[in-house]
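Residue-level listing of the chains:
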Amino acid sequence: RFLTGFGTMAACSIAIAYISEMLPSEKRGKYQSITLGVGTFSIPFISIVASQIATHSANGWRYIFAIGGAMIILVPFALKFLSESPRYLISKGKVAEAEAVMEDCLGFECDMSEAYELYRQSVAQYHKISFGTQMKIMFSKKQARQTIVCLIFAICLGCGNNMMSNYNNVFLVQMGLPIAAILLAGAISSFGQPLGELISALFSDKGGRTLPIFFYCLLAGVMCVAMGFIHSAAAYAILQFIKTLFTAGAMALLMTYIPESFPTSVRGSATGYIYGIQKIFISSSAFFTLLSWNKGGWMGCMIVNAAFWIIAAFVILLFGNRTALRNIDSMDMDEADAPC
């Protein structure tokens, strides 16, 4: 399970940075959300299939893992159709290969020599982009605030999205709701994730990215508080579905916002570091869940859950850079002038 999680999160971090580098600035958020929405549409259906397989034999859980592992056969097909990121190629000095990718994507020849020169100037003061150098760039005078904003944003959304995942059904049963109704409500609300991600595509590239993030996170927090008043499985199903629309949309916006907040020299690494730190905090979020339940019951849990989303909303609104419609290569030009 450790290796599965390691590989999955590493692949996701790289994919997020890759998508950001391959999409034009005016449509980056839109297609990031659509990609996530299309991908996660499989989650509710896979859950139903897995539950059927797992309950039909003692080895059912093994078959589920085997089916999931067999999906590796799709990787060679993906690699055949995916072009390497031109920005990555430029960072490795492979200018001709970057120009070939751009020509293939755009249909006409492109001269990438100026882009390479700008990148080279941005990292000229460093012998190599080591871990120490990455930290210097991430916490340089011009970049430090945005790095801290991204860390707080990612941690709050990660904890807010996951703090109830392991205890939600247990608490609802203790409140007297029937387990069958709870599971049905959970299945219904799971469809809110792909729908929320697809809907966020309509707003992602507006308001400098920070305004959609603010409203999505704020509304997610409001829905958490509203869920504190539920007394039936039907009310839980409705509110959880609506909440999932907003939380999934916010997470989709997060996946666009983080990589476009960093220059090419550290974009992939910074994205990975931030998601790694996020997962460390997620693993400790159960502490907040149990403490909230012991002190304030279901409503206490929902208020703490709401706090994560609301903090994220105002951090982004008050301190976050507006990154939508911005050429992410412009950060390399800024970095060239920014002393560490």
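Being a predicted model, the structure only gives us computed values, none of them experimental. (Residues numbered from 1 in each chain as written. Predicted model: local features only at pLDDT ≥ 70, side-chain atom pairs only at ≥ 80, totals over all residues. Heavy atoms only, no water.)

A. Spatial organisation of the packing of aromatic side chains. In this structure the tally under the stated criterion is 11 aromatic pairs. Relative to Phe288, the ring of Phe287 has its centre 5.7 Å away and its plane inclined at 75 degrees; by these criteria the two rings are edge-to-face. Taken together, the ring pairs connect Tyr167, Phe171 and Trp293 into an aromatic cluster. (Phe/Tyr/Trp six-rings, centres within 6.5 Å; stacked < 30°, edge-to-face > 60°.)

B. Broad picture of helix 14 (residues 210-227). Taking 1.5 Å per residue as the helical rise, helix 14 with its 18 residues ought to reach 26 Å, and the 26 Å between its terminal C-alpha atoms agrees with that figure. Looking at the buried residues of helix 14, the elements they touch are helix 10 (144-162), helix 13 (192-200), helix 15 (233-257) and helix 16 (267-319). (Helix = DSSP H or I, 4+ residues; strand = E, 2+ residues; numbered from the N terminus. Expected span 1.5 Å × (residues − 1). Contact = heavy atoms within 4.5 Å.)

C. Inspection of the pattern of salt bridges at higher detail. The tally for this structure, following the rule as stated, stands at five salt bridges. In this structure, Arg120 and Glu117 form a salt bridge, with 2.6 Å as the shortest nitrogen-oxygen distance. With Arg120 and Glu117 both in helix 8 (residues 113-122) and three residues apart, the pair spans about one turn of that helix. Note on Arg120: relative accessible area 39%, which makes it partly exposed. Here Asp205 makes a salt bridge to Arg209, at a shortest N to O gap of 2.6 Å. Each of Arg28, Asp205, Arg209 and Glu260 takes part in a single network of salt bridges with overlapping partners. (Salt bridge = Lys/Arg side-chain N within 4 Å of Asp/Glu carboxyl O. Buried < 20%, exposed > 50% of the residue type's maximum accessible area, 1.4 Å probe, protein only.)

D. Structural context of the environment of Leu36. Looking at the element boundaries, Leu36 is found in helix 2 (residues 28-40). Distance from Leu36 to Met251, taken between C-alpha atoms, is 9.7 Å for residues 215 residues apart in sequence. Those residues in contact with Leu36 that sit more than four places away from it in its chain are Glu197, Ala252 and Met255.

E. Molecular detail of the environment of Phe246. Examined against the element boundaries, Phe246 turns out to sit in helix 15. The partly exposed category is assigned to Phe246, whose relative accessible area is 21%. Distance from Phe246 to Phe215, taken between C-alpha atoms, is 8.9 Å for residues 31 residues apart in sequence. Setting aside residues no more than four positions away along its own chain, Phe246 makes contact with Tyr216, Leu219, Ala220 and Met223.

F. Seen up close, unusual backbone geometry. Although it is not a glycine, Arg209 sits at a positive phi angle of roughly 80 degrees. Mapped onto the elements, Arg209 comes out in the loop between helix 13 and helix 14.

G. Spotlight on helix 9 (residues 131-138). Those residues of helix 9 that sit buried are Thr133, Gln134, Ile137 and Met138. On an axial view of helix 9, the arc spanned by its buried residues comes to 135 degrees, and they lie on one face. Projecting away from the buried face of helix 9 at angles above 90 degrees are the exposed residues Phe131 and Lys136. (Arc of directions from axis to C-beta.)

H. Looking closely at the packing of helix 9 against helix 16. The N-to-C vectors of helix 9 and helix 16 enclose an angle of 85 degrees; their axes lie 11 Å apart at closest approach. As far as their axial angle goes, helix 16 and helix 9 are roughly perpendicular. Residues Phe131, Gln134, Met135 and Met138 of helix 9 form the contact with helix 16, whose participating residues are Ser269, Ala270 and Tyr273. Broken down by class, the residue content of the contact of helix 9 with helix 16 amounts to five nonpolar, two polar and no charged. (Axes fitted to C-alpha atoms, helices over the stretch in contact; angles between N-to-C directions. Parallel < 35°, antiparallel > 145°, perpendicular 65-115°, else oblique. Nonpolar A, V, L, I, M, F, W, Y, C, P; charged D, E, K, R; others polar.)

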